[in-house]
Amino acid sequence: YDHIKPGVVVEERFAAIDHDRGPAVEFKVFTIWGKFYIAQWRQGGYSGIIDSDGGVVEWGSIKKKRKKLPDWVDWTMVKELAENMGRNKDMFRTDIFVGVPATSSALTGGATDEEKRNAVQVVVSEFELQPGTSNMDPGIFDDAARLWIAGYKMGNYKVVPNTEVPKQYVE
């Protein structure tokens, strides 16, 4: 870690395909043992729960305000990206933006619907090993904990030596 220089990373702002001021779609996707568990859909002030098929569901105190994902969201790509990021990890949260970079010419006047759809990108915003989020029903995490612990009880893991971390950080 001695060779890492301090710095700041600034994400490019993403927008919905209808106009620059609309927020992109964000998914906080939870994987357990590399498999999709559940996703939180956020867009502006909206928050919803998404199942593995991309359906909007009610769970506890979180009620359906929207019946389906926008048709320009490639749910299969979102799910596969999250599962790839969560591979070889017991529990993992991947935050994914689906939208158009705010600097894209597709957001300026004159772009066709097809040009806007072609400009949509699916990108990882961040990830967490501690999969927390706000506005999530506690029952969701209780169920996730049950699945997470079950994987350990079943021996669903392999101990892999890590030679990349300096000993002073391990001891």
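See the structure shown above.
Reading the values: the criteria
Residues numbered from 1 in each chain as written. Predicted model: local features only at pLDDT ≥ 70, side-chain atom pairs only at ≥ 80, totals over all residues. Heavy atoms only, no water. Helix = DSSP H or I, 4+ residues; strand = E, 2+ residues; numbered from the N terminus. Buried < 20%, exposed > 50% of the residue type's maximum accessible area, 1.4 Å probe, protein only. Areas by Shrake-Rupley, 256 points an atom, 1.4 Å probe, with all protein chains shown as cover. Pairing = 2+ DSSP bridges. Salt bridge = Lys/Arg side-chain N within 4 Å of Asp/Glu carboxyl O. Patch = residues over 30% accessible without salt bridge, like charges linked within 9 Å, V, L, I, M, F, W, Y side chains within 5 Å. Phe/Tyr/Trp six-rings, centres within 6.5 Å; stacked < 30°, edge-to-face > 60°. Expected span 1.5 Å × (residues − 1). Contact = heavy atoms within 4.5 Å.

(A) Molecular detail of the overall build of the chain. Regarding its fold elements, the chain presents 4 helices and 7 strands. Its helices and strands taken in sequence order, the chain reads β-β-β-β-β-α-β-α-β-α-α from the N to the C terminus. Within the chain, buried positions represent 39% of all 171 residues. Accessible surface, the chain: about 11100 Å² in total, of which carbon and sulfur atoms supply 52%.

(B) Expanded view of the pairing of strand β6 (residues 91-101). In terms of burial, β6 is a largely internal element, 11 of the 11 residues being buried. When strand β1 (residues 14-15) meets β6, the two strands line up antiparallel, connected through 2 bridges. Counterpart to Ala15 in the pairing with β6 is Val100. Where strand β2 (residues 25-32) and β6 come together, 8 bridges link them in antiparallel fashion. The partner of Thr31 across the bridge, within β6, is Phe92. Pairing of β6 with strand β7 (residues 121-128), which is carried by 7 bridges, proceeds in the antiparallel orientation.

(C) The arrangement of the pattern of salt bridges in detail. With the rule as written, the count across this model stands at 5 salt bridges. The shortest N-O distance in the salt bridge between Asp71 and Arg117 comes to 3.1 Å. One end of the pair, Asp71, is in the loop between β5 (56-57) and α1 (75-86); the other, Arg117, is in helix α2 (residues 113-119), and 46 residues separate them in sequence. Arg117 gets classed as partly exposed once you look at its relative accessible area, which sits at 38%. Ionic pairing is found between Glu128 and Arg93, a salt bridge with its closest N-O pair at 3.1 Å. Highlighted residues: Glu128 in strand β7 and Arg93 in strand β6, separated in sequence by 35 residues. Residue classification places Glu128 among the partly exposed residues on the basis of a relative accessible area of 25%.

(D) Layout of a nonpolar patch on the surface. Where nonpolar side chains cluster on the molecular surface, the patch consists of Trp148, Ile149, Tyr152, Tyr157 and Val159 and spans about 500 Å² of accessible area. Within the secondary structure, Tyr157 sits in the loop between α3 (138-153) and α4 (167-170). Take Tyr157: its relative accessible area is 46%, and that puts it in the partly exposed class.

(E) Structural detail: the packing of aromatic side chains. Tallying each qualifying case throughout the model produces 4 aromatic pairs. Arranged with centres 5.8 Å apart and planes meeting at 85°, the rings of Phe36 and Trp75 form a pair that is edge-to-face. Here Phe36, found in strand β3 (residues 35-43), pairs with Trp75, found in helix α1; they are 39 residues apart in sequence, far enough to count as distant. Residue Phe36 is classed as buried on the basis of its relative accessible area of 11%. You can call Trp75 buried: its relative accessible area is 9%. Here a set of aromatic residues connected by ring pairs shows up, and it is made of Phe27, Phe36 and Trp75.

(F) Here's a closer look at α1. The end-to-end C-alpha distance of α1, which contains 12 residues, comes to 16 Å, matching closely the 16 Å that a straight helix rising 1.5 Å per residue would cover. At its buried positions, α1 is contacted by β2, β3, β4 (46-50), β6 and β7. Where α1 terminates, the next one or two residues include Asn88, which has phi positive at roughly 65°.

It is worth stressing that arrangement in space is one thing and function is another; only the former is reported here.
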